[in-house]
Amino acid sequence: MTLNKNNEPKISDAFPIVLILTGVIFNLMYFFFEIFYEILFIIAPLILFILFIPFSMLIVYGLFQLKKNPIFFKLSIASILITAFVHFYNPDWFRTPIIFKAKLVDDISAIDLTIYKSGKCVSNAHNAFGFSNEYWGECSIDGDKIIFLKDPYDINSFYPDTTFIIKNKMIIRFHDNGEPDTTFASFFSITKNTSWPHGLQAD
């Protein structure tokens, strides 16, 4: 450890450790923010903001050390790049192409269904209070049918074993007379469907 004229440690000596620790905590909390939010509720964004202040100040400090201390400068650049990657990271980069997307919206929640070419599918359930849950399953698309081999929801799922694609809608239930139920919040609106050569159909 470098000592000054009074044989006391310099504050800047702690810069690398403090920057790395602050950056790791900030980025982990950002990446897993939904989990932290479920545990800490409104305290989670406050903690994230409090962490951001010293983290950004340390980065700015390091950027001004290009000539005086190039290592600090490089650490700041690395912190910026890592934070940018965490912020813009999309797990779909490492998955097979998306062939189908649909959305169901009601007054207080929404569910996004995404189906991948590999047969994997995921339901992202969101509610009005900011909570979000991800449920993975397996399914296959056979013409105008979507067959759920492994339910992409919880044990109380509203997905039937088979749903039907009718124009730009994914129908999950039918009326007693055989007509598809297209009442509010009773069907999924399809936003992407490359499983059919002609894609989406007009209503």
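Further up the page is the structure itself.
Read on for an overview of the structure. Model, not experiment: these values are computed from the prediction.

1. Structural notes on the sheet that holds strand β1 (residues 98-105)
Thinking step 1. If you trace the eight strands once around the closed barrel, you get β1-β2-β3-β4-β5-β6-β7-β8, paired in antiparallel fashion. The mean inter-strand angle of the sheet, taken between neighbouring strand axes irrespective of direction, is 30°.
Thinking step 2. Relative to strand β8 (residues 187-193), strand β7 (residues 169-171) is paired through three bridges, and the arrangement is antiparallel. Within β8, the position partnered with Lys169 by the bridge is Ser189.

2. Brief notes about the pattern of salt bridges
Thinking step 1. Under the criterion given, the structure shown has two salt bridges.
Thinking step 2. Across the pair Lys103 and Asp112 runs a salt bridge, and its minimum N-O distance is 2.7 Å.
Thinking step 3. When its relative accessible area of 33% is taken as the criterion, Lys103 is described as partly exposed.
Thinking step 4. Lys120 is the salt-bridge partner of Glu138, the closest N and O atoms lying 3.4 Å from each other. With Glu138 in strand β4 (residues 132-142) and Lys120 in strand β3 (residues 120-127), this pair connects stretches of sequence that are 18 residues apart.
Thinking step 5. By relative accessible area, Glu138 is classed as partly exposed at 34%.
Thinking step 6. A relative accessible area of 38% places Lys120 in the partly exposed class.

3. Regarding the pairing of β8
For a regular strand, side-chain orientation follows a simple rule: the groups alternate between the two sheet faces.
Thinking step 1. Bridging between β1 and β8 involves four bridges; their strand directions are antiparallel. Considered in β8, the bridge of Lys101 is made with Lys192.

4. Some thoughts on helix α1 (residues 15-31)
Thinking step 1. An ideal rise of 1.5 Å per residue puts 24 Å on 17 residues; α1 measures up with 24 Å between its terminal C-alpha atoms.
Thinking step 2. Those residues of α1 lying buried are Phe15, Leu19, Thr22, Gly23, Phe26, Asn27 and Met29. The buried residues of α1 occupy an angular sector of 160° when projected down its axis, which confines them to one face. Facing away from the buried side of α1, by more than 90 degrees, are the exposed residues Ile17 and Leu21.
Thinking step 3. Here the buried face of α1 lies against α2 (33-40), α3 (43-63) and α4 (70-88).

5. Observations regarding the packing of aromatic side chains
Thinking step 1. Throughout the structure, instances matching the rule amount to 17 aromatic pairs.
Thinking step 2. Here Phe15 and Tyr61 contribute two aromatic rings whose centre-to-centre distance is 5.3 Å and whose plane-to-plane angle is 55°, an arrangement assigned as tilted. In this pair, Phe15 sits in helix α1 while Tyr61 sits in helix α3, placing the two residues 46 residues apart along the sequence.
Thinking step 3. The exposure class of Tyr61 is partly exposed, given its relative accessible area of 35%.

6. A short note on a nonpolar patch on the surface
Thinking step 1. A contiguous nonpolar patch, built from Ile20, Val24, Leu28, Phe31, Phe32, Ile35, Phe36 and Ile39 and spanning about 730 Å² of accessible area, is present on the exposed surface.
Thinking step 2. In terms of residue count, α1 provides more of the nonpolar patch than any other element does, four residues in total.
Thinking step 3. Tracing the backbone shows Phe32 in the loop between α1 and α2.
Thinking step 4. By relative accessible area, which is 37% here, Phe32 ends up partly exposed.

What counts and how
- Residues numbered from 1 in each chain as written.
- Predicted model: local features only at pLDDT ≥ 70, side-chain atom pairs only at ≥ 80, totals over all residues.
- Heavy atoms only, no water.
- Pairing = 2+ DSSP bridges.
- Helix = DSSP H or I, 4+ residues; strand = E, 2+ residues; numbered from the N terminus.
- Axes fitted to C-alpha atoms, helices over the stretch in contact; angles between N-to-C directions.
- Salt bridge = Lys/Arg side-chain N within 4 Å of Asp/Glu carboxyl O.
- Buried < 20%, exposed > 50% of the residue type's maximum accessible area, 1.4 Å probe, protein only.
- Expected span 1.5 Å × (residues − 1).
- Arc of directions from axis to C-beta.
- Contact = heavy atoms within 4.5 Å.
- Phe/Tyr/Trp six-rings, centres within 6.5 Å; stacked < 30°, edge-to-face > 60°.
- Patch = residues over 30% accessible without salt bridge, like charges linked within 9 Å, V, L, I, M, F, W, Y side chains within 5 Å.
- Areas by Shrake-Rupley, 256 points an atom, 1.4 Å probe, with all protein chains shown as cover.

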